[in-house]
Amino acid sequence: MLLKLIKYENNAIGRVLIPVYAFVLLVAVVNRLSLDLCKSDSSLILVFDFLFSFTCLVAIVMFLIVCINRFISNFVGSEGYLMFTLPTSTYNLILSKLFTTIIWAIIGFADFILSLIIISLNKSSGLTLKLLVDTIKSTTDYLYYNLEKINQNPRFVLIMTFLYIFLYILFFIIHIYMSVAVGTQFPRHKIIFGLTYFFSYFLIFNLIVFIGAYLIFDVPMSYSIGSNYYMMIESLDKLEEVASIYNPHLIGTIIVGNVIYVISFILEFFGVNKIFHNKLNLE
Amino acid sequence: MEKVKNLSNDTDELSPIIECKNLTKLYGKKIALNDISFSIGRGKITGIMGVNGSGKTTLMKMIAGLLVPTSGSVKVCGKPIGIASKQIVSYLPEKTYLNEWSKVKDTISFFKDFYKDFNEAKAYDMLKRLNVNTNEKLLTMSKGTKEKLQLILVMSREAQVYLLDEPICGVDPATRDYIIRTIISNYSENSGVIISTHLISDIENILDDVLILENGSIKIFSSADEIRQKYNKSIDNIFREMFKCY
């Protein structure tokens, strides 16, 4: 039953996101051609760069809107009349939405990487596929070297980092579902109550992560994990610099964050399931 | 009137298709259903009637599993509301619940995939008889055609309980006749049909039992013939007089 639900959910999301993702690739190809054709006209290249960034932003916004809208229309809207009369459990309905959203998030990320490769690999920039592979390899080596220098297991840190990104996406999705579910429990002002839960939980959540990191890894309370990500984004043009931002504070916060994400995901998943199973009130 | 009444004397060995015990539903402070108990036997067509806000749709939604009772219980063929009950209940809501971007044939595939008792051949036959194009998208359909499609999907299941909330409200008189004939043809000794409607005169001739709700309580629950004999009027006329607006 879960696979059937995922199949139909994929069809519903795919009909919107496939054209959007295809458009991102198309803009990347146009951008690449513009780099080849307008070598001397830097203003045109800037326009195409902006166009690509804007398209990526639209794709992310579209992805969020489609996934949230699917959940709301299927669980709170008129399509709920169909979903909740299907002979399946509530957790299967939630899991199907969750899995499909993750699948389309991964496809979107792959689409973005492919677009970047299309744009980057051109004669004028001098970047070739071989050079790109070599840069990634040298960055990894430098990262291993840096982490060993501060007495950290590089493999463990890398796994924890990827897990952190994955768990963050998972937590973010279930947190949206939970906020919608909380909103439905109020006869009026559902959106306001849903948003209040969404933001207040995030605030408490971040506080727990910082307190946990302080107590376990002695990370200063003033330390912000976000600042490291901004540094990482700023230094994307020099890949080697990404490797140098790791420090024991960041690693400690990532580990505590992962544990809290897992606990939070479990709590919110059962919370959503409980609300829609025991307190369903489809209008 | 007596709160608990079993009209299914002929099917005592089997569980009633619907059994409600002390069922109450509150929306905030407002009482939608007030401690009602009744059971409906197999092989019957039962009409649920009442003015707007009397609790008809709330009752239907609780049987379908779309609302959770504040207190009391509902059982379908002896099963509490859950996956097992949803396998045997075919519910037609008063709302359009299908994806607007779907084609008719997609909705058929969907029902075939999720309901073991769905009869695909019967669905296509009904679509043909009611002139519904299988390649048409719901987005371009009229409200009446969408209602026809939903009814076809629901009636193409070989379910034990058909819950039909206003099934003939938005369709033309010719289609109404066809729908009523379809409901009768789905009759079997082991299944039951429950219809909620305001168009009493159109369906009263096919009803075996009538349940009239008023302000969330049962006002009348009896066989259609008994009610007609007692008041010496049609059910439509009884209803009009009972809830006359001044």
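The structure this text deals with has already been given above.
## Topic: the sheet that holds strand S4 (residues 71–76) of chain B
Residues and elements named next belong to chain B.
And then number 1: Reading across from one edge, S2-S1-S4-S5 is the order of the 4 strands in this open sheet, with antiparallel pairing throughout. Of all strands in the sheet, those with a lone pairing partner are strand S2 (30–40) and strand S5 (79–80), marking the two edges.
And then number 2: With 5 bridges connecting them, strand S1 (residues 18–27) and S4 associate as antiparallel partners. Within the sheet, the bridge partner assigned to Ile-18 lies in S4 and is Val-76.
And then number 3: Against the sheet, helix H1 (residues 56–64) contacts S1, S2 and S4, and its axis sits at roughly 120° relative to S1.

## Remarks on the pairing of strand S7 (residues 161–165) of chain B
Residues and elements named next belong to chain B.
And then number 1: S7 sits mainly inside the fold: 5 of its 5 residues count as buried.
And then number 2: Of the two faces of S7, the one holding Val-161, Leu-163 and Asp-165 and the one holding Tyr-162 and Leu-164 are both buried throughout.
And then number 3: For strand S6 (residues 89–92) and S7, the ladder comprises 4 bridges, and the chain directions are parallel. Note on S7: the bridge partner recorded for Tyr-91 is Leu-163.
And then number 4: Here S7 runs beside strand S8 (residues 192–196); their pairing, made up of 5 bridges, is parallel. Considered in S8, the bridge of Tyr-162 is made with Val-193.

## Quick look at the nonpolar core
And then number 1: Ranked by size, the top nonpolar core spans 129 residues in total, and within it Ile18(B), Phe38(B) and Leu59(B) carry the most contacts.
And then number 2: With 15 residues, helix H6 (residues 154–184) of chain A is the largest single contributor of residues to this core.
And then number 3: When residues of this core are assigned to domains, at least three fall in each of domain 1 (1–123) and domain 2 (128–283) of chain A.
And then number 4: Every residue in contact with Leu59(B), bar those within four places of it in the chain, is listed here: Cys20(B), Leu23(B), Leu33(B), Ile36(B), Phe38(B), Ile48(B), Leu211(B) and Leu213(B).

## A look at the sheet that holds strand S10 (residues 217–223) of chain B
All names here are of chain B.
And then number 1: Strand order in the open sheet formed by 6 strands is S6-S7-S8-S3-S9-S10, with mixed pairing between adjacent strands. Every interior strand has two partners, whereas the edge strands, S6 and S10, have only one. Between one strand and the next, the sheet's axes are offset by a mean angle of 15°, whatever the strand orientation.
And then number 2: Where strand S3 (residues 45–49) and S8 come together, 4 bridges link them in parallel fashion. Bridge pairing in S8 links Ile-45 to Val-193.
And then number 3: Sitting on the sheet, H1 touches S3, S6, S7, S8 and strand S9 (209–214), and the angle it makes with S7 is about 145°.

## A look at helix H1 (residues 2–37) of chain A
And then number 1: Between its terminal C-alpha atoms H1(A) stretches 50 Å, which fits the 52 Å expected from 36 residues at 1.5 Å a residue.
And then number 2: Largest kink in H1(A): about 45°, centred on Gly14(A).

## Looking at the interface of chain B and chain A
One frequently used descriptor of interface size is the decrease in accessible area upon assembly of the parts.
And then number 1: Contacts between the two partners involve 24 residues from chain B, matched on the other side by 26 residues from chain A.
And then number 2: Counting the surface lost from both chain B and chain A, the interface buries some 2400 Å², and carbon and sulfur atoms represent 63% of this.
And then number 3: The largest share of the area that chain B buries against chain A comes from Leu66(B), Trp101(B) and Phe114(B), three residues that together contribute 28% of it.
And then number 4: We note a salt bridge from Lys7(A) to Asp113(B), for which the minimum N-O separation is 3.0 Å.
And then number 5: Where chain B meets chain A, there are 9 residue pairs in polar contact (both at pLDDT 80 or more).
And then number 6: Secondary structure elements with two or more residues in the side of chain B that touches chain A: H1, helix H2 (83–88) and helix H3 (104–114) of chain B.
And then number 7: Residues belonging to the side of chain B that touches chain A are distributed by class as follows: 14 nonpolar, 5 polar and 5 charged.

Rules behind the numbers
- Residues numbered from 1 in each chain as written.
- Chains lettered and ligands numbered in written order.
- Predicted model: local features only at pLDDT ≥ 70, side-chain atom pairs only at ≥ 80, totals over all residues.
- Heavy atoms only, no water.
- Pairing = 2+ DSSP bridges.
- Helix = DSSP H or I, 4+ residues; strand = E, 2+ residues; numbered from the N terminus.
- Contact = heavy atoms within 4.5 Å.
- Axes fitted to C-alpha atoms, helices over the stretch in contact; angles between N-to-C directions.
- Buried < 20%, exposed > 50% of the residue type's maximum accessible area, 1.4 Å probe, protein only.
- Core = buried A, V, L, I, M, F, W, Y, C linked by side-chain atoms within 4.5 Å.
- Domains from an automatic or database assignment.
- Expected span 1.5 Å × (residues − 1).
- Bend = angle between axes of the 7 residues up to and from the residue.
- Buried area = accessible area lost by both parts, 1.4 Å probe.
- Salt bridge = Lys/Arg side-chain N within 4 Å of Asp/Glu carboxyl O.
- Polar contact = N/O pair within 3.5 Å; in protein donor to acceptor, adjacent residues only side chain to side chain.
- Nonpolar A, V, L, I, M, F, W, Y, C, P; charged D, E, K, R; others polar.

By themselves, these observations are geometric and do not establish any function.
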